[in-house]
Amino acid sequence: MSIKGKLIAGLSIITMILTLLAAVVIWNTAKIHRQLKLFSPTIDYLHDIRRMRSDFYKQGHALAYFLIFRKEGNKADLNKFSAEIKEYLKKTERKAKTRVGRGARGAEKAVNKLEEIGKIYNEFLNSVDSVLRLDGSGKREEAVLLIKKEADLLMDDVLLRKIDGAIIDEVENLDAMYHEVFMRLGLMPWVYEKSFDRTAIAETALHYFLSVDRVDLIVNRQMKKLMDYLVTGNSGNMTMFEEYGVDVKKAFEEVDGIAQVQRELAFKDEKSGQTSMRAVKQRYAEVLESVEKILALRKRGKAEEAFGLMERDLKFLIGGALLTTIDGVMYESKEEIADAHRALLQATISAGLQGLIVLALVLAGIFIVFFRLIGGMVVSLVRLKEGTEIIGRGDLDHRIATPFKDELGELASSFNKMTDAVKESNEELKHFAYIVSHDLRAPLVNIKGFAAELRRSLEEIGSQVNSGAPRGEATDEKGLDSILRRDVPEALGFIDSSVTRMDGLITAILKLSRIGRRELTPEPLDPEGLVRSLLKTLAHQLEERKVAVTVGPLPRIVADKTALEQIMGNLLDNAVKYLEPGREGILEITAEQGPAETTFHIRDNGRGIAKDDMPKVFEIFRRLGRQDVSGEGMGLASVKTLVRRHGGRIWCQSDPDKGSIFSFTIPRFDENTKKTTRT
Amino acid sequence: MEDARHVTILLVEDDPGHAVLIEKNLRRANIANSIITLGDGRKAVDFLFKEGEYGRGSHPTPFLILLDLNLPVLDGYQVLKIIKNDERTKRIPIVVLTTTDNPHEVARCYELGCNVYITKPVEYAQFSDAIRTLGLFFSIVKVPEKE
């Protein structure tokens, strides 16, 4: 698989992961959306149930009023509430069934409960009918007794408890829904952050609703006890009435506490909601005030006046003012919950969308990074590959260009440097082959030529001997004498010297080849000591030519000892050999330590090298300048070979009047690679 | 060179054997002109400009130069460059006679102003033929008189 393929595969995996994340975001948002959509029907349902409960109490009050005042209007109220409650039961049951259809939590349980409540309510109505019948037939005592024994029990112990149970169920359902919403929001931290406040507001709104409902419940219970007392005259009911009074106060405090939390969440201002709750409290106080008056009248035995006050005042204060006001607050609160949930829903959806946008941007960013950086690397790699292939095919002039200055760019420039080196040594090799073939050819021409001349001389000798011509008489032919004394020895002499020269050349080439093949053993060396001992062997010449020698401090290096001796030996030898006669010699050996290599300089004030001759200095068999000093033309060629084999470079600067400086480098020993030589 | 017996042939050749062989073959082609052999490039230049060791001497003109490329001290290219770049000597015909047949070198020599380029054959028979043909060629060549 190509690198490009691998990178594309990697990119695909990243894309898949991000798509998966996007799917999680969408899925979660959808789930939250669904839960929140189910909130409103659940709250509606809750609201309906509690209104039903409120009606139960109202019907109870109506029954009590009828028994107390015996007015047809009270009886009509009783029937009105029955019809209303039945209507509510149907409506609520219908809503509960719709919720079952929508798969809401605990909806089926709610339907069952409602059915039970319907049944028990019918029993209660039957019981009420019996009471009314007894009462109608003048059996008032029995009627009251039946209320106590049957109707009240059905209402208090069964019906209202069932309703409470149904309400608790719904509150639990709502809690579970909130739990799920919070959990799913937790999976999307950025959504959670945005929706957290909204969720808290929605939850507090629900708490407010439930706490007001509790006020409603307890107030109803308390009023029921008042009615019971007024109907039966049982003082136990009055004690309960007092106890419920304490509970109502607590319930008010709870509502206030939640309202405080809402204000802190900046959800409700000081006035809204609070004003209607204040109205509730005011109505309640009015009720209590009226109750006190009635009780005081009763104590003083003024039963008629007490009934009158109840008829005129209390009935209205309870049913018309207090309970209606509470209903108003409840309705208001329900609306607030709906608003809060709508807001929460919007916040969640917009946060989900933001999440998707962020994911899309991240993906786009990854694509850009891929195509800009990694794509660039792939381009570099492809260029490197193509470049090495072109160079590998033998085009040593090709150079790899990469647009990036990273490791791949360094690789390319290293490769280019390597190609430079290969090209250089290739050129040198060609040049070497050319020089060698030329130099070997020259004596061959001589050998062949003089062999032919010899043959010619032989033929001439033969023809002159056969013709019997007298010695030295031939006009256009050479005399035998001159042939034998001059031509033949000359030819033999040239043949001889040519063979000797060829032998010398071949020996020199073999020597150079041995230098190139010899195994180098790098070891730590002290070049200073080495130079000084070499100078000792030259002592005689140095003294003769009055040479002032300075050997600078030379750092220790790692190199092959024999090779360094040959390099230094040759360079020092040359420096001394080519000193200008008649000028007092100067010879300086110095070195400088670089980070990667040590550079040595051998400076003389000798005859120097002409500018035109500089390129040929290190070539084999080349001897430049005045040929007044003996030599083979091998020295610098082998020096160059040895320096190269140590991984170093050699060059020279020269001024024909002032002398030459030969410089060469030896790479510093690398502990990591343990290599200083190359082949 | 019937009319030009006074032309001197300057043979610049470091290999004394080659010099002898060339001279022998030229003579066989009936070249009777005087031939002066010089062993390196420096000597050739000094001779032409009457410098150095040839400072005092007077020598006959005009010249025709037979030049080897692979020479010590100053090589053939350097000699060619000096002669062809000097007003006094640039008209002297130069025949480059060398063992190299590298097209690159041939081109370089003509660029520097050489008049004829001849490769020395390795086979002596051919070498001999080549020099003798060159001799015949010399016999009909016109050389500019002294300026």
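This report concerns the structure included in the present document. All of these numbers come straight from a predicted model, not from anything done at the bench.

Some words on the overall build of chain A
Item 1. Counting its secondary structure elements, chain A contains 14 helices and seven strands.
Item 2. The dimensions of chain A, computed from C-alpha atoms along their principal axes, are 200 × 60 × 35 Å.
Item 3. Per-residue burial for chain A yields a buried fraction of 44% across its 679 residues.
Item 4. In chain A, 75% of the contacts between residues at least 6 apart in sequence involve partners at least 24 apart.

A look at the interface of chain B and chain A
Item 1. The interface is formed by 24 residues belonging to chain B together with 26 residues belonging to chain A.
Item 2. Buried area between chain B and chain A, summed over both chains or domains, comes out near 2200 Å², and the portion from carbon and sulfur atoms is 50%.
Item 3. Across the contact surface, chain B and chain A share four salt bridges.
Item 4. Measuring nitrogen to oxygen at the nearest pair gives 2.7 Å for the salt bridge that ties B:Arg28 to A:Glu453.
Item 5. Viewed at the interface, chain A and chain B are joined by four residue pairs in polar contact (both at pLDDT 80 or more).
Item 6. At the level of secondary structure, the elements contributing two or more residues to the side of chain B that touches chain A comprise α1 (16-28), α3 (76-84) and α5 (124-140) of chain B.
Item 7. Ranked by the residues each element gives to the side of chain B that touches chain A, the list is headed by α1(B), at eight residues.

Comments concerning the sheet that holds strand β5 (residues 116-119) of chain B
Residues and elements named next belong to chain B.
Item 1. The five strands are arranged β2-β1-β3-β4-β5 in an open sheet whose pairing can be described as parallel. Each of the sheet's edge strands pairs with one partner strand only, and the pair in question is β2 (35-38) and β5. The sheet shows a mean angle of 20 degrees between the axes of neighbouring strands, direction not considered.
Item 2. With five bridges connecting them, strand β1 (residues 8-12) and strand β3 (residues 63-67) associate as parallel partners.

Thoughts on the pattern of salt bridges
Item 1. By the definition in use, this model includes 41 salt bridges over all chains.
Item 2. Members of the salt-bridge network, linked through shared partners, are A:Arg50, A:Arg53, A:Lys58, A:Asp213, A:Asp216 and A:Asp327.

Description of the nonpolar core
Residues and elements named next belong to chain A.
Item 1. Counting residues in hydrophobic clusters, the biggest one holds 110 residues, and the most contacted among them are Met 52, Phe 56, Val 219, Leu 226, Met 277, Leu 314 and Ile 318.
Item 2. Elements that contribute at least two residues to this core include exactly α1 (3-69), α2 (72-101), α3 (107-136), α4 (140-187), α5 (189-232), α6 (235-264), α7 (274-299) and α8 (303-392).
Item 3. Looking at which element gives the most residues to this core, the answer is α1, with 22 residues.
Item 4. Setting aside anything within four residues of it in sequence, one finds Val 219 in contact with Val 248, Tyr 284, Leu 322, Leu 323 and Ile 326.

Some remarks on empty space enclosed by the protein
Residue and element names in this part refer to chain A.
Item 1. The tally for this structure, following the rule as stated, stands at one cavity of 30 Å³ or more.
Item 2. Put simply, the largest cavity is a space of about 140 Å³.
Item 3. If you go around the largest cavity, you meet 15 residues; those closest to its centre are Leu 63, Ile 147, Asp 152, Lys 224 and Asp 228.
Item 4. Only α1, α4 and α5 provide two or more residues apiece to the lining of the largest cavity.

Re helix α13 (residues 561-577) of chain A
Residue and element names in this part refer to chain A.
Item 1. Helix length check: α13 (17 residues) gives 23 Å between terminal C-alpha atoms against 24 Å at 1.5 Å per residue, within 8%.
Item 2. Of all the residues in α13, the buried ones are Ala 563, Leu 564, Ile 567, Met 568, Gly 569, Leu 571, Leu 572, Asn 574, Ala 575 and Val 576.
Item 3. Measuring from the side-chain oxygen of the N-cap residue of α13 to the backbone nitrogen of Thr 562 gives 3.3 Å; that N-cap residue is Asp 560.

A look at helix α14 (residues 635-645) of chain A
All names here are of chain A.
Item 1. Taken across its eleven residues, α14 has nine buried, putting it largely inside the fold.
Item 2. Regarding α14, the residues found buried are Leu 636, Ala 637, Ser 638, Val 639, Lys 640, Leu 642, Val 643, Arg 644 and Arg 645.
Item 3. Looking at the buried positions of α14, the neighbouring elements they touch are α9 (407-467), α10 (480-517), α13, β6 (650-655) and β7 (659-667).
Item 4. In the stretch just after α14, Gly 647 is the one whose phi turns positive, near 85 degrees.

A closer look at the packing of α1(A) against α2(A)
Two quantities define a packed helix pair, namely the angle between the helix axes and the distance between the axes.
Residue and element names in this part refer to chain A.
Item 1. Two elements in contact, α1 and α2, have axes whose closest approach is 9 Å; the angle formed by their N-to-C orientations is 165 degrees. With respect to α2, the element α1 is oriented roughly antiparallel. Judged by the sense of rotation from one axis to the other, the crossing of α1 with α2 is left-handed.
Item 2. Residues belonging to the contact of α1 with α2 are distributed by class as follows: 16 nonpolar, five polar and eleven charged.

Concerning the packing of aromatic side chains
Item 1. Per the stated rule, a full pass over the model turns up nine aromatic pairs over all chains.
Item 2. Ring centres of A:Phe252 and A:Tyr284 lie 5.7 Å apart, and the angle between their planes is 70 degrees; this geometry places the pair in the edge-to-face category. Taken together, the residues A:Phe252 in helix α6 and A:Tyr284 in helix α7 connect sequence positions 32 residues apart. Note on accessibility: A:Phe252 and A:Tyr284 belong to one class, buried.
Item 3. Grouped by ring-pair contacts, the aromatic residues A:Phe56, A:Tyr121 and A:Phe124 constitute a single cluster.
Item 4. When the ring centre of A:Phe81 is taken as reference, the NZ or CZ atom of A:Lys80 above it lies at 5.0 Å.
Item 5. Residue placement shows B:Arg108 over the ring face of B:Tyr77; its charged tip is 3.9 Å from the ring centre.

What counts, and where the lines are drawn
Residues numbered from 1 in each chain as written. Chains lettered and ligands numbered in written order. Predicted model: local features only at pLDDT ≥ 70, side-chain atom pairs only at ≥ 80, totals over all residues. Heavy atoms only, no water. Helix = DSSP H or I, 4+ residues; strand = E, 2+ residues; numbered from the N terminus. Buried < 20%, exposed > 50% of the residue type's maximum accessible area, 1.4 Å probe, protein only. Contact = heavy atoms within 4.5 Å. Buried area = accessible area lost by both parts, 1.4 Å probe. Salt bridge = Lys/Arg side-chain N within 4 Å of Asp/Glu carboxyl O. Polar contact = N/O pair within 3.5 Å; in protein donor to acceptor, adjacent residues only side chain to side chain. Pairing = 2+ DSSP bridges. Axes fitted to C-alpha atoms, helices over the stretch in contact; angles between N-to-C directions. Core = buried A, V, L, I, M, F, W, Y, C linked by side-chain atoms within 4.5 Å. 1 Å grid on protein atoms, 1.4 Å probe; cavity = no way out; pocket = protein on both sides within 12 Å on 5 of 7 lines; lining within 4 Å. Points joined across faces, edges and corners; volume = space filled by probe spheres on them. Expected span 1.5 Å × (residues − 1). Parallel < 35°, antiparallel > 145°, perpendicular 65-115°, else oblique. Left-handed = near helix turned anticlockwise from the far one by under 90°. Nonpolar A, V, L, I, M, F, W, Y, C, P; charged D, E, K, R; others polar. Phe/Tyr/Trp six-rings, centres within 6.5 Å; stacked < 30°, edge-to-face > 60°. Lys NZ or Arg CZ within 6 Å of the ring centre and 35° of its normal.

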